[in-house]
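Examination of the molecular architecture
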Protein chains: 2
Amino acid sequence: MLHSYLSTDDWLITESRFSRARANYYETVFTIGNGRLGTRGSLEEGHQGELSGTFLAGVYDSHDSPVIDLVNAPDWLGLVITVGGVRLDVDTCTVVTHTRALDIRHGILGRTTTFRDTQGRETTLESVRFASMADRRLCALRAEITAVNHDAEIVVESSIEGRRRNLERKPAYPPGTKFPPEIKWEKWAKTNHLTETSRAAADNSIHLGMQTISSGIDIGYSAAVTTSVTPQSRSVREQHARIAEVLTFTPSAGSTIRVDKFVTIATSRDDASVYDTCQEALAQHRTAGFDSSLVDSHAAWDRKWEDCDTEILGDPAATQAMRFNAYQLLIAVNEEDPTVSIGAKSLSGEGYRGHIFWDTEILMLPFFIYTQPDAAKALLRYRYHTLDGARILASKGGFRGARYAWESADSGREECPQWTADGLERLWMGDEELHITADVAYGVLTYVAATGDADFLAEFGAEILFETSRYWADCLTWDRSKGVYELNSVIGPDEFHSHVDNNAFTNVLVRWQLEQVVRIYRELQTQDPATLAAIAEKITLTAREVERWEEIAPQIATTRTNESGVIEQFDGYFDRTHVPITVWDDNNMPRYPEGYHHFNCEDTDLLKQPDVVMLMYLLPDQFTQEAKRANFDYYEARTLHKSSLSPAIHAIMGIEVGDHTRAVQYFTRSAFVDLADNQGNTHEGIHAASAGGTWQAFVAGFGGFRVRNGQPAFSPWLPPEWDEIRFRLRWRGNRLSVSVRHSDMTLQLDGDTGTTETVSVNNTPIHLTAGTPQTVELDLSGRPERAPVGS
Amino acid sequence: MLHSYLSTDDWLITESRFSRARANYYETVFTIGNGRLGTRGSLEEGHQGELSGTFLAGVYDSHDSPVIDLVNAPDWLGLVITVGGVRLDVDTCTVVTHTRALDIRHGILGRTTTFRDTQGRETTLESVRFASMADRRLCALRAEITAVNHDAEIVVESSIEGRRRNLERKPAYPPGTKFPPEIKWEKWAKTNHLTETSRAAADNSIHLGMQTISSGIDIGYSAAVTTSVTPQSRSVREQHARIAEVLTFTPSAGSTIRVDKFVTIATSRDDASVYDTCQEALAQHRTAGFDSSLVDSHAAWDRKWEDCDTEILGDPAATQAMRFNAYQLLIAVNEEDPTVSIGAKSLSGEGYRGHIFWDTEILMLPFFIYTQPDAAKALLRYRYHTLDGARILASKGGFRGARYAWESADSGREECPQWTADGLERLWMGDEELHITADVAYGVLTYVAATGDADFLAEFGAEILFETSRYWADCLTWDRSKGVYELNSVIGPDEFHSHVDNNAFTNVLVRWQLEQVVRIYRELQTQDPATLAAIAEKITLTAREVERWEEIAPQIATTRTNESGVIEQFDGYFDRTHVPITVWDDNNMPRYPEGYHHFNCEDTDLLKQPDVVMLMYLLPDQFTQEAKRANFDYYEARTLHKSSLSPAIHAIMGIEVGDHTRAVQYFTRSAFVDLADNQGNTHEGIHAASAGGTWQAFVAGFGGFRVRNGQPAFSPWLPPEWDEIRFRLRWRGNRLSVSVRHSDMTLQLDGDTGTTETVSVNNTPIHLTAGTPQTVELDLSGRPERAPVGS
């Protein structure tokens, strides 16, 4: 019955039976959220081995854990039903039927489970739940309980549970382990980040106040339950860090009880009084009712999809995968909160502890820039919010300006651990993976180019650009003998090689950044001198300092280029031992060559993920088509894709250089990384970077979208199996709708009457006027497939 | 009110307020048990950070843990009370008053706690609990709940909880750890050993069946509740691996509700149908009632104390400590079960995972031999029960006969891990600590000498003695050049030194064993040739093989003796670096010298615990008084007492050689190891070896009791502060009551009329006749105090 709340099948991700082995996987996949919070798709009543969690964006705490954690916050879901004293759950009862469906169009998770106890009593539990996209304080759950064949007493316990723990993976050494030890990671220890501050019950509502221990953030949850049938009794059950309402019913056989649970959540990050905020919001939604609150959320969801839906005619599974990835990005971002960003696993799990990496700016941000620019702006404002942390990090190295942390959380401090959890391996990323700072600048520049958002630039962007350029100018080392500026002992995107000198990706991106920032400075000088003067005064920036950047940029060291045009990834890379990749797995992904693992790839030419190839995607105008082809062929044959960021970039560049077969394989790998769990770790959280990369593979790969010379440019290619692809882009405040078929493509600009934009299709300029679609003929057969390499 | 169940204060160990920091300590100290099971003194309602546990003797399981565990079995205690919906526990409510008292005379734990909730409602919970010593299947709990100032609804949930976990300590490496890593041990992971097999509820009783996963032992618990007031409602609450009865009351303010919970426990180790056994026993005790079951248990306790009570007139604290240690030994042993022994932490905690060490035979067994010979016999029959395991262990080394495991559990297999839990340090005890096999033989020989139990010898003892001697004969190595038999690469009792050759303790004890076993063989030849023939046929033992033992014994290598008469602990010990001990702690115990820890004591002359000194205690007739003094002086100055086994032995030998000041310090250290928690790890379980050592320090130290030339011999000494000590011994079926004062001592033999025994007091023979006490004058001043060494 509750399934009437869900969209049509093409928007549903479904589960058709309960499997303990798959339970943690579905918890991740069925996450609901609204960017302010994410709640994993755990069963309301819990079960043994569950990895449930609600995560509140920006609520980090370092108490009791070696590294700061995104806190596993109080659980609002809890709804435990007992029938004649027997708890309905998968541990206690037999599951007769169990189906769930996640409606990714409106962010609703629906469920129908029929339990049978040892006395043969069958009870069906249906539920729908959502985290409101309209009022991000609200989570709501409707449950319908049907006593199929009995009239036993039904007790419903609706709880707020504050006794939560984050998981800490610990090494376990099996007996008889030799040194160096073989490590097994089978056990979870648990860390505590929360302490109770208040409990209250009044007017048929309950409230629990908790506080994070080291970061001191107040978290309040209020909850209320309304029912279709008046309960026989209603009471409150209290224990430390937990409060629950208990309702008793004595239904007749075959009858159904409906229970609506409203939960409002506030934190001291947003509200002075979390209690008052919770109670006010609760009163409001309880009065409005479940359906009204859900309709508001629907409307907010519909507005989001208007700009970001994608379709592949002829491939419903791929369409669903595209939408699933977009859904995961939409529930991870909150355009209203400029103090948070998206962690590597979004708000869907504890993997990477909620830390923020370059994944956000390079892999996810383009989706937001081109479909949800307000959200993109909020994400970049997070980097402004943490600019002081970046300044401190630069100054720790003895440099001026701002250096972004490889792993960032609430303050911008470096949160990347220096050692693996077993203490045996040194992690150098926090020390050496400098490119993150240029990646942030790249994100700012890309956003400004796409939106023309001068206010953002003036208020936030320019300061980030200047401070990071200042850092580069200080940390680049002048080599007198060679007459170049160098970056030595770094790690590039390919993390298999540490302590390398002059990583091509980093050096070229830094040079490009300095050039762009000098250009921005000059533009501001002429267009908005007052703003520039204010920023310059704030950070004591002089024209001379900017001239220095201009002088430095062309003198940044370049690496060698071989006779085929392959750019050396870093000084001496060509001299590393060549290890041929000879074995591929069922997903057409290479395996580690025999005897090699990540820790002994240092001396080889094997790559974890694209480095030079990634650079050529980010800066398309800087390299010739021949260079792109030569580098793709060379490096693709050496890349193990041990990062979920890797396949999407290879899909894009594979299409660009004509390696279509591989490109489609890489796209599939990227699009289904979580739906097919092809990395095997989806239970730890969604691969958010891959979700963003998948959108880019679609739009920049098949759509061939780039920004060239400041204009949208398209050079599409479609797999023969697909009939048409459709996507939409936001460009300078307007909407550009694009559809591509094998024979032609249609472009339509939506905006104020008279608005025009010039785009290019396969290097031919097309002039668009708002409201008037244009169809351009294509000859995709003119882009022949090249023979795949290495398979 | 319930305190009327408790004995007078001199038998009570008390707690006067609730302290979270001390909670786990009291859980150990307040353990109740009956040798078949032990239940830690946790609060009935639980709290955060509790380390509760019920342990069933012999119920081991290795599923999900690196080393086999004594299983943390289902919890029978659970009694959760909610008042007006608020859970009464230390986390949820304010504790107004809290006192507990363990009655060590009758094994009853009493409690009175008054809770106040946030609404000012005060409720007092009193309880007494016991594990019956008369019917070891029964645990019972009486609770009285008083609504002090309110008439809120009271709900009592009485549960059986099968979802238990054993703790697994995991290494945690703090961030920035250098290699080799600094390890912190702050986290606990948890391992699962149990799976549910059945749940049932009928006739106001509940039943839960669980099974250990790898060892397949069925465990059943049945429980029933009777009340003083008819509850308003009564229902059963079921969930996976848990079942509970829920009773609701609406008492008037000031009134008291009494709840009696009976729990019966059966396992497939004892009973074919655990369900039937549980239900029958439950019906029987429920009919008899709480008081009746308690009276039966009292009577069984009184019988035990008749033989083992000790008193120190003039020192009530020391008397209490003596009784506390005896209590812990009494609740650890079950004379009815010859398939289990006592683990290093008895049934009081998870420390050492319930494994059985030499602690049992050398430190604990004398208490049982001389006060509870039936229990001693059961403990030695455990070694017979595991003789096949010992045979397998010997054969793994390529030897015939039987070699006992350093750590033994259910089967006699070696359970000692080869690596520390962090995987960084190799543990050699299981490989090299061979003396355990001679220690078991020593236990058998001591028991037979004290009891004259020819039946035990014939049925079990001789086979152990012959098989272990056979092992020694095979594993001793003949050194042709020196003309001696050697034991090379071993660890002696002093575990600071591994891979040593010819440990004096081991070699001398093996020589002694072979001599004694040859004697036993010869005696059986003349006294019981049929039995000997049967054993010899069973194990194919020939007279020639026994002659070989006789030939080997005198040829076993001895170590050097220096000019002062100090026996070298092992070959080359005298050449190890001398490290003076210069710092003592508040308990007068030496600290590690600066820069030394256990892992770098190998090259020094520092000892963990007595080795040669222990040998001289075990074989008093083999060494002169001068040798004992020289060795005590030499080794005591080098011993760090990093084992709780160490102080008791130093107390005994200190008295023997006249170092009275130190001896008293060592006795105090040993007697209060758990009451004062002076090792800091009592929360992991009782130091059972120290409890046994304390009894020996009392009887063999102050009482000066030894067996010399086959007769009890006394050479007492009393500290000036003490007026009199009293103890009792069982000797060859009779009871010998001993009291010592400064001026004289009294000995009384109890037994059949006409029974006589000859004992000696300070080398003078005394002829005792049953029923006639004899008082002998003493001149304790004739045993002058020697100047203490090293302080």
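Residues numbered from 1 in each chain as written. Chains lettered and ligands numbered in written order. Predicted model: local features only at pLDDT ≥ 70, side-chain atom pairs only at ≥ 80, totals over all residues. Heavy atoms only, no water.

Remarks on the pattern of salt bridges
Pairs may arise between side chains of opposite charge once their charged atoms sit close together. Applying the stated criterion to the full structure yields 127 salt bridges over all chains. Across the salt bridge formed by Glu551 of chain A and Arg544 of chain A, the nearest N and O atoms sit 2.8 Å from each other. Judged by its relative accessible area of 35%, Glu551 of chain A falls in the partly exposed class. On the basis of relative accessibility, which here comes to 41%, the residue Arg544 of chain A falls in the partly exposed class. For Lys538 of chain B, the salt bridge goes to Glu463 of chain B, with nearest N and O atoms at 2.9 Å. (Salt bridge = Lys/Arg side-chain N within 4 Å of Asp/Glu carboxyl O. Buried < 20%, exposed > 50% of the residue type's maximum accessible area, 1.4 Å probe, protein only.)

A short note on the UniProt feature "binding site: substrate" (unreviewed entry) in chain A
All names here are of chain A. Residues annotated by UniProt as "binding site: substrate" (unreviewed entry) correspond here to Trp358, Asp359, Lys608 and Gln609. Secondary-structure assignment places Lys608 in the loop between helix H13 (543–552) and helix H14 (612–618). Residue classification places Lys608 among the buried positions, given a relative accessible area of 17%. Those residues within four positions of Lys608 in sequence are excluded, and the remaining contacts are Asp494, Glu495, Phe496, Thr639, Leu640, His641, Lys642, Ser643 and Ser646. Among the polar contacts made by the side chain of Lys608, one reaches the side chain of Glu495 at a distance of 2.5 Å. Note on placement: Gln609 falls in the loop between H13 and H14. For Gln609, the contacting residues outside a window of four places in its chain are Trp358, Pro493, Asp494, Glu495, Thr639, Ser643, Leu645 and Ser646. (UniProt positions renumbered as here; feature names shortened; annotations may be inferred. Helix = DSSP H or I, 4+ residues; strand = E, 2+ residues; numbered from the N terminus. Contact = heavy atoms within 4.5 Å. Polar contact = N/O pair within 3.5 Å; in protein donor to acceptor, adjacent residues only side chain to side chain.)

Here's the deal with the UniProt feature "active site" (unreviewed entry) in chain A
All names here are of chain A. As recorded in UniProt, the feature "active site" (unreviewed entry) lies at Glu495. Tracing the chain through its elements places Glu495 in the loop between strand E23 (484–486) and helix H11 (504–527). If near-sequence neighbours (up to four positions away) are discounted, Glu495 is found in contact with Trp406, Met429, Glu433, Lys608 and Gln609.

Some words on the sheet that holds strand E4 (residues 54–61) of chain B
Residues and elements named next belong to chain B. Read from one edge of the open sheet, 4 strands run E2-E3-E4-E5, paired in antiparallel fashion. Edge positions in the sheet fall to strand E2 (32–33) and strand E5 (69–73), since each has one partner strand and no second. In the sheet, E2 pairs with strand E3 (residues 37–39) via 2 bridges, with the strands oriented antiparallel. Counterpart to Gly33 in the pairing with E3 is Gly38. (Pairing = 2+ DSSP bridges.)

A look at the packing of aromatic side chains
All names here are of chain A. For the coordinates displayed, the defined rule picks out 76 aromatic pairs over all chains. Ring geometry for Tyr26 against Phe30: centres 5.0 Å apart, planes inclined by 40°, an arrangement best described as tilted. When sorted by exposure, Tyr26 lands in the same class as Phe30, which is buried. Ring centres of Tyr442 and Trp512 lie 5.4 Å apart, and the angle between their planes is 50°; on these two criteria the pair is classed as tilted. One end of the pair, Tyr442, is in helix H9 (residues 435–451); the other, Trp512, is in helix H11, with 70 residues separating them in the sequence. For Trp512, a relative accessible area of 13% corresponds to the buried category. Put simply, the rings of Phe367, Phe368, Tyr370, Phe667, Trp695, Phe698, Phe702, Phe705, Phe714, Trp717, Trp722 and Phe727 pair up and form one aromatic cluster. A cation over a ring is seen here: Arg638 above Tyr634, with NZ or CZ 3.7 Å from the ring centre. (Phe/Tyr/Trp six-rings, centres within 6.5 Å; stacked < 30°, edge-to-face > 60°. Lys NZ or Arg CZ within 6 Å of the ring centre and 35° of its normal.)

Describing the environment of Tyr384 of chain A
All names here are of chain A. By the secondary structure assignment, Tyr384 is in helix H6 (residues 373–385). For the pair Tyr384 and Phe460, spaced 76 residues apart in sequence, the C-alpha separation works out to 6.1 Å. Residues within four places of Tyr384 in sequence aside, it is in contact with Tyr404, Glu459, Phe460, Glu463, Ile464 and Lys538.

Focus: unusual backbone geometry
Unlike most non-glycine residues, Asp64 of chain A shows phi in positive territory, near 70°. Note on placement: Asp64 of chain A falls in the loop between strand E4 (54–61) and strand E5 (69–73).

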